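Survey of secondary and tertiary structure
Here is what each chain is made of, one letter per residue.
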Amino acid sequence: MIWYAALVLAVAGERVAELAVALRHTRWARARGGVESGRGHYPAMVALHTALLAGCLVEAGVADRPFVPLLGWPMVAVVLAAQALRWWCIRTLGPRWNTRVIVVPGLPLVTGGPYRLLRHPNYVAVAAEGISLPLVHGAWVTALVFTVLNALLMAVRVRCEEAALAAASPAGAPA
């Protein structure tokens, strides 16, 4: 369980690093006229992601969930792949990436990197991590609850992001 706690804490540390990058990118976007949308759902997203990390540790410890190597090791691989995908998204979007929905008007839509393949690859990484991180140590209730709540939140988030991109796209180009 100690190594699992270390993994969850490493993911938490990665989240702190993301927030530092997002803060820098927020300043960049605002300096260029960036417009924030969806402030209302942002606190729920922060709470859900924090609850995921806490739930992993609480469920694995309190419910005495065992580490089952046949499930746990593949889930570790998925967690690592989700981190790689997330950072590929961050690198591809550069200063446009953020944990908030902030769009700089007039910039063209990014279509490189993972965005060649998927419209919202960062959210695929979030979903994969939300399932795999708890299942590394058998925390299936946390995985299930996060997945359901995240799906509801992503329905709001993607709608918000799509509207913000469409409103800011140059010359009415499809976003």
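Computed from a prediction, not measured in an experiment: that's the story for all the values here. (Residues numbered from 1 in each chain as written. Predicted model: local features only at pLDDT ≥ 70, side-chain atom pairs only at ≥ 80, totals over all residues. Heavy atoms only, no water.)

A separate point is the nonpolar core. Grouped together as the largest cluster of nonpolar side chains are 23 residues, with contacts concentrated most on Tyr4, Leu7, Val8, Cys56, Leu133 and Val136. When contributions to this core are tallied by element, the ones reaching two or more residues are helix 1 (2–31), helix 2 (42–62), helix 3 (69–93), helix 4 (121–136) and helix 5 (140–168). Looking at this core, the element that brings in the most residues is helix 2, giving seven residues. Apart from the residues within four sequence positions on either side, Cys56 is in contact with Tyr4, Val8, Leu133, Pro134, Ala139 and Thr142. (Core = buried A, V, L, I, M, F, W, Y, C linked by side-chain atoms within 4.5 Å. Buried < 20%, exposed > 50% of the residue type's maximum accessible area, 1.4 Å probe, protein only. Helix = DSSP H or I, 4+ residues; strand = E, 2+ residues; numbered from the N terminus. Contact = heavy atoms within 4.5 Å.)

Per the counting criterion, the structure on display carries twelve salt bridges. Here Arg86 makes a salt bridge to Glu18, at a shortest N to O gap of 3.0 Å. With Arg86 in helix 3 and Glu18 in helix 1, this residue pair connects regions lying 68 residues apart in the sequence. Among the ionic pairs, Glu162 bridges to Arg119, the shortest N-O distance being 2.6 Å. Here the residue Glu162 occupies a position in helix 5, and Arg119 occupies one in the loop between strand 2 (101–103) and helix 4, the gap between them amounting to 43 residues. (Salt bridge = Lys/Arg side-chain N within 4 Å of Asp/Glu carboxyl O.)

Turning next to helix 3. Along its 25 residues, helix 3 runs 36 Å from first to last C-alpha, staying within 8% of the 36 Å computed at 1.5 Å per residue. The set of residues buried in helix 3 consists of Gly72, Met75, Val76, Val79, Ala82, Gln83, Leu85, Arg86, Cys89, Ile90 and Leu93. The positive-phi residue at the C-terminal boundary of helix 3 is Gly94, with phi of around 60°. (Expected span 1.5 Å × (residues − 1).)

Next up on the list: helix 2. The terminal C-alpha atoms of helix 2 lie 29 Å apart, and with 21 residues this matches the ideal 30 Å at 1.5 Å per residue to within 8%. Along helix 2, the residues classified as buried are Tyr42, Met45, Leu48, His49, Leu52, Leu53, Gly55, Cys56, Glu59 and Ala60. As for helix 2, its buried residues are in contact with helix 1, helix 4 and helix 5. Looking one or two places after helix 2, you find Asp64, whose phi comes out positive at around 55°.

A volume near 1,000 Å³ is recorded for the largest pocket. Taken together, 44 residues form the lining of the largest pocket, with Trp97, Asn98, Tyr123, Arg157 and Glu161 sitting closest to its centre. Per element, the largest residue contribution to the lining of the largest pocket is six residues, and it comes from helix 2. Grouping the amino acids of the lining of the largest pocket by side-chain chemistry returns 28 nonpolar, eight polar and eight charged. (1 Å grid on protein atoms, 1.4 Å probe; cavity = no way out; pocket = protein on both sides within 12 Å on 5 of 7 lines; lining within 4 Å. Points joined across faces, edges and corners; volume = space filled by probe spheres on them. Nonpolar A, V, L, I, M, F, W, Y, C, P; charged D, E, K, R; others polar.)

Turning to the packing of aromatic side chains, a few remarks are in order. For the coordinates displayed, the defined rule picks out four aromatic pairs. Between Trp3 and Phe67, the aromatic rings sit 5.0 Å apart at their centres with planes inclined by 85°, giving edge-to-face as the arrangement. Of this pair, Trp3 sits in helix 1 while Phe67 sits in the loop between helix 2 and helix 3, and the two are 64 residues apart along the sequence. Taking the relative accessible area as the measure of exposure, Trp3 reaches 36% and is therefore partly exposed. For Phe67, a relative accessible area of 23% corresponds to the partly exposed category. Where Trp3 meets Trp73, the ring centres are 5.7 Å apart and the plane angle is 15°; that geometry is what we call stacked. Placement of Trp3 in helix 1 and of Trp73 in helix 3 is noted, with a sequence separation of 70 residues between them. Through pairs of rings, three or more aromatic residues link up here, namely Trp3, Tyr4, Phe67 and Trp73. The lysine or arginine in question, Arg100, covers the ring of Tyr42, its NZ or CZ lying 4.0 Å from the ring centre. (Phe/Tyr/Trp six-rings, centres within 6.5 Å; stacked < 30°, edge-to-face > 60°. Lys NZ or Arg CZ within 6 Å of the ring centre and 35° of its normal.)

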